[in-house]
Amino acid sequence: MMGSCVAPVLIGLILLQFQEISECHKIEVTPDSGTVISFSKKAADCSVCKDEGPSQTCDSNLELTEARPTIVTFNCSQPGNIFTVEINQKIECSTSACSIIAVHPHSTRFLEFSRTFNWDLKVQSGKMFQLDFPAPGMRQIKPSESCPDKHTYTIITYQRAGPISVGTFCRNGTISRIQVLYRGRVSLEVPKDTELNPSDFKVSLGSDTTALVVVDVKLPRGLSSFDFFTPNYDTGFYSEDKIKWNFAVEPMHNFTVLFPQYTPPECQKNKVLVDYTLGDKTSFTKAPTEIQPDNKQGDFSLTLTNCEAKRAANGLSLNVNVAVIRGGTPVLCTADLLKEEGLSLQIENKNPESFCEMRLNSVVQEKIVVPAGTKADLSFLDCPVQDLQLTATKTIDCPSVSSRDVSGTIPLSLAIPTLDPSLHVPLQQFTWLLRVLDQGTVDLTSPVGNLHHTVPVKECNEKVSLLISETDGSNIGYFCSLAEGTIQKIQIKGNVSITVTPKTIKDLSQEKGPFLKVATSPEITENVIYTVSPLILGTMNLATPNWPDGMNPSSSVTWIVNVPQEHKAELQFTDVSKLTCDSGHTEVTIGPLDSQGQTQSWREDQSFTNTVVQQQQSFYLNMSNCEPKSGRFAVLSKITLQKETKKFLGIILAVVGVLLLLVIIALIVVCVIRKRKNKPTANRSSIYMPRGKPFLPGNATFPKSRADNESHVYASIDDPTMYGHLLDKNQPADVDNGSWSNGHQVDAYRPFTGPADSIPPATDSSAEYPLDGRGGDRDAFQSFLNPPNTFNLPRPRSPLVSQGSIGFEDRRMVHNELHTFKSVGDINPIRLSTDESKLKLEMESDSDSGPEPEYEEAM
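Model, not experiment: these values are computed from the prediction.

Definitions and limits used
- Residues numbered from 1 in each chain as written.
- Predicted model: local features only at pLDDT ≥ 70, side-chain atom pairs only at ≥ 80, totals over all residues.
- Heavy atoms only, no water.
- Helix = DSSP H or I, 4+ residues; strand = E, 2+ residues; numbered from the N terminus.
- Buried < 20%, exposed > 50% of the residue type's maximum accessible area, 1.4 Å probe, protein only.
- Contact = heavy atoms within 4.5 Å.
- Areas by Shrake-Rupley, 256 points an atom, 1.4 Å probe, with all protein chains shown as cover.
- Patch = residues over 30% accessible without salt bridge, like charges linked within 9 Å, V, L, I, M, F, W, Y side chains within 5 Å.
- Salt bridge = Lys/Arg side-chain N within 4 Å of Asp/Glu carboxyl O.
- pLDDT = per-residue confidence, 0-100.
- Pairing = 2+ DSSP bridges.
- Axes fitted to C-alpha atoms, helices over the stretch in contact; angles between N-to-C directions.
- Phe/Tyr/Trp six-rings, centres within 6.5 Å; stacked < 30°, edge-to-face > 60°.
- Disulfide = S-S within 2.5 Å.
- Polar contact = N/O pair within 3.5 Å; in protein donor to acceptor, adjacent residues only side chain to side chain.

K.L.:
Explanation requested: the overall build of the chain in the structure shown.
P.N.:
Of the regular secondary structure elements, the chain holds 6 helices and 56 strands. In the chain, buried positions account for 39% of the 859 residues. Taking all contacts inside the chain whose residues are at least 6 apart in sequence as the whole, residues at least 24 apart take part in 79%. Of the accessible surface of the chain, which amounts to about 48900 Å², a share of 52% is contributed by carbon and sulfur atoms.

In structure tokens:
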């Protein structure tokens, strides 16, 4: 119970102590050199104290002049509501310069107080100080008015008759310079809790003049109107002084001077006059009550001279109004967009230094915008055609994917519509905004050839260039239609913006198009899909969307690469940017379209720059971006085609194999022919052997071996001495002398003892070896010694060859040693010569009883 009572008491003591502390407000102030800071009390019971401790002094006002840190304490909690702060600074100008040139008040001091910054300026007697205000200058207002930004400037001049208020000014005006005679003050008032944002100004010595105040004004271009007021505008100006305004007017502008409000003084001496000087030559004087200059051109000055007025009456009060309009004859035209659905126009002046004045329905505009479905009257005054830029935008609502026919939507051609002929402004840009309903996809194709993606390696040099962008403002890339283009189709998910700009022409209206064909299809998963066909000769470059700036976060792109038959594609990544992912991964995937082959993929932490990938068939290339933490994801790659060599290699090998086979066959035939030519020919003859087997005529050997027959045995030799010198002296001892001659075994002669008229037995060998295909009576057996049945005597059986030939044999010399031992080689069998064979065939054709078999008589 006691604890519950102690807690409120402690809280009350704490709050009381806090209240006592909060009633005091303490700040530290350090005045700048030559600056006086004053605290002035407006009302209420509150004092301001200087320093602390025994040396502390308190008063209702405080002025700090020393440039040292000083503790200032207020014995009230909200001193900003009671005190105001004045910061005074003196600036003296000698005959050559002023002590301070640039004036810039401190922006962080005394924010909780209402502040007044005073600059006291002094020059020698008869001289003027000059205030230069940076652009956009100052604007004069009535003393009773306030500035929109709560920064109010006041200029006062001190004359013998007393202080005179030159005027009250705000920022952002046409006054660039003010000159004031002798002494003066510039004040800036800023209320409490307002951030200080002053206009810096420069102080310097002014020119020699007899006027009290000289104001320089630079009038802007176009239609404008500005007011200026005489000193002491509210109370009246009494001194016989001059006020001068110098007006700078832009070329091709006309000015008009008006006096909307004029209070004449009660003059004791002289009159109130207004002197004008146009340019450097023309000058004239008017009374304030007369008509002032109207619709004049060029710079001019206006000097107001006051009279000596009575102090008891009203003083001079004059409001000077200067209006500026453009001179010349405007060019009129009409923009009628009622018939063209979704088309809007925008006209802008590209040269801010020109004197162009544009009006939309008689209203001056910095930029003309004609909305879609409207009609507007336009005027252009002093607007060179080369300084104007006309852009047009057309919005197209693509048909819904769900409502399209089975065959698909009919492609829409994008062409520039015809504009009003009176609009003589060249068309510099045309944009189509394609809006797709139901989350569809926009399909873009080229009406002629294919599309080409502009990259530094190969840029578009056509008349126009197409910028394709997504609706969020991210660019996909610049494209153009080329005969050697490789992009057959571009598919973009969602709404699309297409902007065409000229490259080699000045006016797009000269190029009607069509530039692209547009169709719609169901929504795709990727942001962009390219269908490309590489060049047979040359290189195709692939760049990611918005290259080289990088793809959008969490976006993807796919290229469908159609590889021609009998070719293979070589893909190389030539430029890959580096990035760090905040979430997810970037991924590059390559795979075949039929989904039967293997895929390859890389991520951002794997280096694949200059990696070369070969594909034997059509394939896809997919790239997806992550949420990047730093860097960007941009890839530039290229594809080249190479001729496939497998089929041609097989054909070449087959042809080479056939040729090689033919060469081998030809070599075999040549070798056989040469072998037959080199092999000695045997004379064909028939030999009858009783009770033996017949054999094929012309064989060089007997049907039996030498061991089985007795063809080499001779009964006797008639003249042994004839062959004695031919015997080999070195013959073996165990061999008979009659069977070896000169190292060769010779046959011995024996008389024929076989039957002469019996028919040889029929054997299978006769059927196997027919005698020249003879049949019928021709195949009948004839006696070996029977004479021929023909009337003519038989011709001699000598060979019809040249006697000089080594194969010539003469039966008449059968017993001669030259016949038996004609050479040292093998035994020369008796064969029927070729000429004799021909003769034999002729004889057989001439004989009625059939051919006569030829036998070689064994001697």
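K.L.:
It is not clear to me how a nonpolar patch on the surface should be interpreted in this structure. Could you clarify?
P.N.:
A contiguous nonpolar patch, built from Ile651, Val655, Val658, Leu659, Leu661, Leu662, Ile665, Val669 and Ile673 and spanning about 800 Å² of accessible area, is present on the exposed surface. Examined against the element boundaries, Val669 turns out to sit in helix α2 (residues 646-678). A relative accessible area of 42% means that Val669 is categorised as partly exposed.

K.L.:
What exactly am I supposed to notice about the confidence of the model for the chain here?
P.N.:
For the chain, the mean per-residue pLDDT works out to 79, and 74% of the residues sit at or above 70. Contacts for the low-pLDDT stretch residues 727-744, under 50 throughout, to residues beyond four places or in other chains number 24 contacts. The model gives residues 797-801 a pLDDT under 50, and that stretch makes 16 contacts with residues more than four places away or in other chains.

K.L.:
Just to check I follow, could you spell out the sheet that holds strand β47 (residues 567-576) for this structure?
P.N.:
For sheets, the rule is that strands pair by backbone hydrogen bonds, running either parallel or antiparallel. Across the sheet, 4 strands lie side by side as β45-β54-β47-β51; this open sheet has antiparallel pairing. Each having just a single partner strand, β45 (539-543) and β51 (612-615) make up the two edges of the open sheet. Direction aside, the axes of adjacent strands within the sheet are offset by 25 degrees on average. Pairing of β47 with β51 involves 4 bridges; the strand directions are antiparallel. Each bridged residue has a counterpart across the sheet, and for Ala569 the counterpart in β51 is Gln615.

K.L.:
Is there a simple way to explain the sheet that holds strand β18 (residues 224-229) in this structure?
P.N.:
One open sheet accounts for 4 strands, arranged β18-β27-β20-β24; its pairing is antiparallel. Of all the strands in the sheet, just β18 and β24 (296-297) have a single pairing partner and so form its edges. Bridge analysis of β18 against strand β27 (residues 317-326) gives 6 bridges, and the strand direction is antiparallel. Residue pairing across strands places Phe229 opposite Asn319, the latter belonging to β27.

K.L.:
Looking at this structure, I do not really get the packing of aromatic side chains. What am I missing?
P.N.:
Aromatic ring pairs are defined here through the distance separating the ring centres and the angle between the ring planes. Taken as a whole and assessed by the stated rule, the structure comprises 19 aromatic pairs. Seen from their ring centres, Phe39 and Phe113 are 6.1 Å apart, and the 70 degrees between their planes marks the pair as edge-to-face. A residue pair is termed long-range when its members are at least 10 positions apart, and Phe39 in strand β2 (residues 35-41) and Phe113 in the loop between β8 (102-103) and β9 (114-122) qualify at 74 residues. Residue classification places Phe39 among the buried positions, given a relative accessible area of 0%. Between Phe573 and Trp602, the aromatic rings sit 5.6 Å apart at their centres with planes inclined by 75 degrees, giving edge-to-face as the arrangement. With Phe573 in strand β47 and Trp602 in strand β50 (residues 600-603), this pair connects stretches of sequence that are 29 residues apart. You'll find Phe573 and Trp602 in the same group, each marked buried. Counting every residue linked through ring pairs, the aromatic cluster contains Phe39, Phe74, Phe83, Phe110 and Phe113.

K.L.:
Before we go on, may I ask you to explain the pattern of salt bridges in this structure?
P.N.:
Two side chains that carry opposite charge are able to pair once their charged atoms sit near each other. Overall, the coordinates contain 18 salt bridges when judged by the stated rule. Close ionic contact of Glu566 with Lys643 constitutes a salt bridge, the shortest N to O distance being 3.9 Å. With Glu566 in the loop between β46 (556-561) and β47 and Lys643 in strand β54 (residues 635-643), this residue pair connects regions lying 77 residues apart in the sequence. Using a relative accessible area of 47% as the deciding quantity, one classes Lys643 as partly exposed.

K.L.:
Please explain the pairing of strand β43 (residues 516-521) as it appears in this structure.
P.N.:
Each regular strand carries side chains that alternate between the two faces of the sheet. Burial analysis of β43 places 5 of its 6 residues in the buried class, which makes it a mostly covered element. Pairing of strand β35 (residues 412-414) with β43, which is carried by 3 bridges, proceeds in the antiparallel orientation. Looking at β43, one finds that Leu412 is bridged to Val518. Here strand β37 (residues 441-445) runs beside β43; their pairing, made up of 5 bridges, is antiparallel. Looking at β43, one finds that Leu444 is bridged to Val518.

K.L.:
Would you take a moment to explain the state of the cysteines for this structure?
P.N.:
One covalent bond between the sulfur atoms of two cysteine residues makes up a disulfide. Enumeration according to the criterion identifies 8 disulfides in this entry. Here Cys49 pairs with Cys58 through a disulfide, and the sulfurs are 1.8 Å apart. In this structure the cystine formed by Cys49 and Cys58 twists about its S-S bond by roughly 105 degrees; its chirality is therefore right-handed. Residue Cys58 is classed as partly exposed on the basis of its relative accessible area of 46%.

K.L.:
What is the right way to look at the side chain of His567 in this model?
P.N.:
Its place among the elements puts His567 in strand β47. When its relative accessible area of 10% is taken as the criterion, His567 is described as buried. One polar contact links the side chain of His567 to the main-chain carbonyl oxygen of Gln565, over a distance of 2.8 Å. Contact partners of His567, with chain neighbours within four places excluded, come to Ile536, Gln616, Leu641, Gln642, Lys643 and Glu644.

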